[in-house]
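# A structural walkthrough
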Amino acid sequence: MIFIQIPGTYTDERRYILAVMFNEFLGLDIQVQVSDRQDVRITVDSVRELVVADGLFAVPSNQWLQHASLPKRPLKTWNLATTRLTAITVNPQIPLIYGDDPSTSNFFRLSEERIHLGLDIFGSAFFMLTCYEEMVKGDRDQHDRFPAKSSLAYQERFLERPIVNEYLEILWWCLKYLWSGLERKSRQFRVCLTHDVDNPFELTPFQMKRWLRRLGGHLVLRRDVGLASSLAVNGCFAALGLPHQDGLDTFDWVMDQSESIRVKSAFYFICGGNSQFDPCYDVNSLAIRKLIRQILSRGHEVGLHPSYDTYIRLDKLKIEAYTLQCILSEEGAFTGEIGGRQHFLRWKAPDTWQYWEDSGLAYDSSLGYSEHVGFRCGTCYEYPVFNLKTGQGLKLRERPLTIMECSMLRSSSMGLSNDKAWLEVKKLIDVCRVFDGDFTLLWHNSELVTGKSRTLYKRVITHLENSFNIHSQ
């Protein structure tokens, strides 16, 4: 048992983050006691102690969730290379979200029986995991999303580092140094291949305007005569009610790739919505029900992709969640738990999390940025979430999104070439593997139409397979 003494401020918030870091991430039992102190004291026996600085949770109550409580920029960095601390990190230069000045001699003091750490591990991790800054800053894009460029992680250049995992490894090194008999729970590198089904088919039902628009896109934007010719021929067949091939129906091919590395894909379907940004398919149509049955028969997951407005509409979210639950029940595939991701990655802290909880959903995977890849929550671990408004932890779990293909490839986002996108994917896969974390990839079925896109995707799959092999050695 690990005993932790904490100050008497923000006790619910402190207990939450301690439970996530120790119980959830490390698998260690803790007993927390409120004490008259200004730091966090961790002990296992009566001989040794680890003392961790307090930062975020030391702010006055009238500054909580106010600009005055945000980290002071530019962030100071702590160079681990100048210490005896050898924790696993992406880079030895550690950004300090909250904490003391690392240039002082008192920042890190190490002896046989005591460690004093000036890095506020727990406040900094809480800041990232709860998306604290998104409730404070008013920045929003045209779809009412918090932009990557407004985030501290982007501005301080650690968006592509799972900073909470690095903090966790620093904490673990200190614990092991003082109490060598401690053992953390084992983890394994996990791959979550996910696919938001925005456009399942391009010819079912056949719509002349849509057909012509996609035909023009193949010719003008992609300059792919082969794709245009195939769409032209199959569009004519579809219009006449004859058997045809649908270019967006890449589902069997996607499942083939996943099964080749023994991974199940998750396909998230829209079950409602009526905005201009919502797809026009009916989840209860014969074609979609057949597709869902096809996915389930191969052992893959069917989840929810809530429509455009549901991120702030509990009534709509409940209806869509219930619709999918009924479909899965009719197919004999409802396990009691449904997960998914918000359409357009529209998400609002902490309301959307609460609405998912109230709708009986099990996990969310919306937390990645639409215009940039990386670790929006600062971690490559799944974790239970916290409602900053109510001050309560929820049962809902967040499965952070690492990469969306559009974030890399679209000119309005990172605008990477296929070769540069491949290097980006490879880098983030390798980072997740270092921490035995989760690599969550979103690749739309409708973005696997061209030979180039399929080649890039297969490259990713091959590297994931190699990563599994490296991990097992």
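Just above sits the structure.
All values derive from a computational prediction rather than experimental measurement. (Residues numbered from 1 in each chain as written. Predicted model: local features only at pLDDT ≥ 70, side-chain atom pairs only at ≥ 80, totals over all residues. Heavy atoms only, no water.)

### Examining the overall build of the chain
Per the secondary structure count, the chain includes 14 helices and 17 strands. Its C-alpha radius of gyration of 24 Å places the chain within 12% of the 23 Å reference for a compact globule of 473 residues. Taken across its 473 residues, the chain has 56% of its residues classed as buried. Intrachain contacts of the chain at a sequence separation of at least 6 include 75% that bridge at least 24 residues. Accessible surface, the chain: about 20200 Å² in total, of which carbon and sulfur atoms supply 48%. Distance between charge centroids for the chain: 4 Å, based on 54 positive and 57 negative side chains. (Helix = DSSP H or I, 4+ residues; strand = E, 2+ residues; numbered from the N terminus. Rg over C-alpha atoms; globule rule 2.2 N^0.38 Å. Buried < 20%, exposed > 50% of the residue type's maximum accessible area, 1.4 Å probe, protein only. Contact = heavy atoms within 4.5 Å. Areas by Shrake-Rupley, 256 points an atom, 1.4 Å probe, with all protein chains shown as cover. Lys, Arg positive; Asp, Glu negative; His and termini not counted. Charge placed at Lys NZ, Arg CZ, Asp CG, Glu CD.)

### Brief notes about the packing of helix α8 (residues 251–260) against helix α9 (residues 286–297)
Viewed as axis vectors pointing N to C, α8 and α9 meet at an angle of 15 degrees, and their least axial separation amounts to 11 Å. Taken together, the axes of α8 and α9 are roughly parallel relative to one another. Every pair of crossing elements has a handedness; the one defined by α8 and α9 is right-handed. Of the residues in α9, those touching α8 at Phe251, Asp252 and Met255 are Leu291, Gln294 and Ile295. (Axes fitted to C-alpha atoms, helices over the stretch in contact; angles between N-to-C directions. Parallel < 35°, antiparallel > 145°, perpendicular 65-115°, else oblique. Left-handed = near helix turned anticlockwise from the far one by under 90°.)

### Section: the packing of aromatic side chains
Counted by the stated rule, this structure contains 24 aromatic pairs. The interplanar angle of 75 degrees and the centroid separation of 5.8 Å between the aromatic rings of Tyr98 and Phe127 together place this pair among those described as edge-to-face. You can see Tyr98 sitting in the loop between β6 (93–96) and β7 (108–110) and its partner Phe127 sitting in helix α2 (residues 121–129), a full 29 residues away along the chain. Exposure remark for Tyr98: the relative accessible area of 8% places this residue in the buried category. (Phe/Tyr/Trp six-rings, centres within 6.5 Å; stacked < 30°, edge-to-face > 60°.)

### Overview of the sheet that holds strand β2 (residues 30–34)
Strand order in the open sheet made by the six strands is β2-β1-β3-β4-β8-β7, with mixed pairing throughout. Where the open sheet ends on each side, the last strands, each with one partner, are β2 and β7. Mean inter-strand twist for the sheet, computed between neighbouring axes without regard to direction, equals 15 degrees. Across three bridges, β7 lies against strand β8 (residues 114–117) in antiparallel orientation. By the bridge assignment for β8, Phe108 is matched with Leu117. Across the sheet, helix α1 (residues 11–26) is in contact with β1 (2–6), β2 and β3 (40–43); its angle to β2 comes to roughly 160 degrees. (Pairing = 2+ DSSP bridges.)

### Quick look at the pairing of β8
Bridge analysis of strand β4 (residues 49–52) against β8 gives four bridges, and the strand direction is parallel. Residue pairing in the sheet places Glu49 in a bridge with Arg114 of β8. Linkage of β7 to β8, two consecutive antiparallel strands, is achieved through a turn of three residues.

### Points about the nonpolar core
Ranked by size, the top nonpolar core spans 136 residues in total, and within it Phe22, Ile42, Phe122, Leu175 and Phe269 carry the most contacts. In contact with Phe269, not counting residues within four places along its chain, are Val197, Tyr281, Val283, Ile288, Leu291, Ile292, Ile295, Val302, Gly303, Leu304 and His305. Core analysis: the next-biggest nonpolar cluster, separate from the first, contains five residues, Leu345, Leu401, Cys406 and Leu442 among them. (Core = buried A, V, L, I, M, F, W, Y, C linked by side-chain atoms within 4.5 Å.)

### Description of the pattern of salt bridges
Close approach of charged atoms allows side chains of opposite charge to pair. In total, this model carries 35 salt bridges according to the counting rule given. Across the salt bridge formed by Glu49 and Arg41, the nearest N and O atoms sit 2.4 Å from each other. A relative accessible area of 16% places Glu49 in the buried class. The partner of Arg289 in a salt bridge is Glu330, and the shortest N-O contact between them spans 2.8 Å. A residue pair is termed long-range when its members are at least 10 positions apart, and Arg289 in helix α9 and Glu330 in helix α10 (residues 314–330) qualify at 41 residues. (Salt bridge = Lys/Arg side-chain N within 4 Å of Asp/Glu carboxyl O.)

### Digging into the packing of α2 against helix α5 (residues 163–178)
α5 packs onto α2 with a crossing angle of 155 degrees between their chain directions and a minimal axis gap of 10 Å. By the angle class used here, α2 and α5 are roughly antiparallel. In this structure, α2 crosses over α5, and the sense of that crossing is left-handed. Contacts between α2 and α5 involve Ile121, Phe122, Ser124, Ala125, Met128 and Leu129 from the former and Ile163, Val164, Tyr167, Ile170 and Leu171 from the latter.

### Thoughts on unusual backbone geometry
In this structure, Pro74 follows Arg73 across a cis peptide bond, with omega equal to -5 degrees. The amide bond that connects Ala349 to the next residue, Pro350, takes the cis arrangement and shows omega of -15 degrees. Take Pro350: it is sitting in the loop between β12 (339–340) and α11 (351–358). The phi dihedral of Leu345 is positive, around 55 degrees, even though this residue is not glycine. With respect to the helices and strands, the residue Leu345 is situated in the loop between β12 and α11.

Keep in mind these numbers describe shape, not what the thing actually does.
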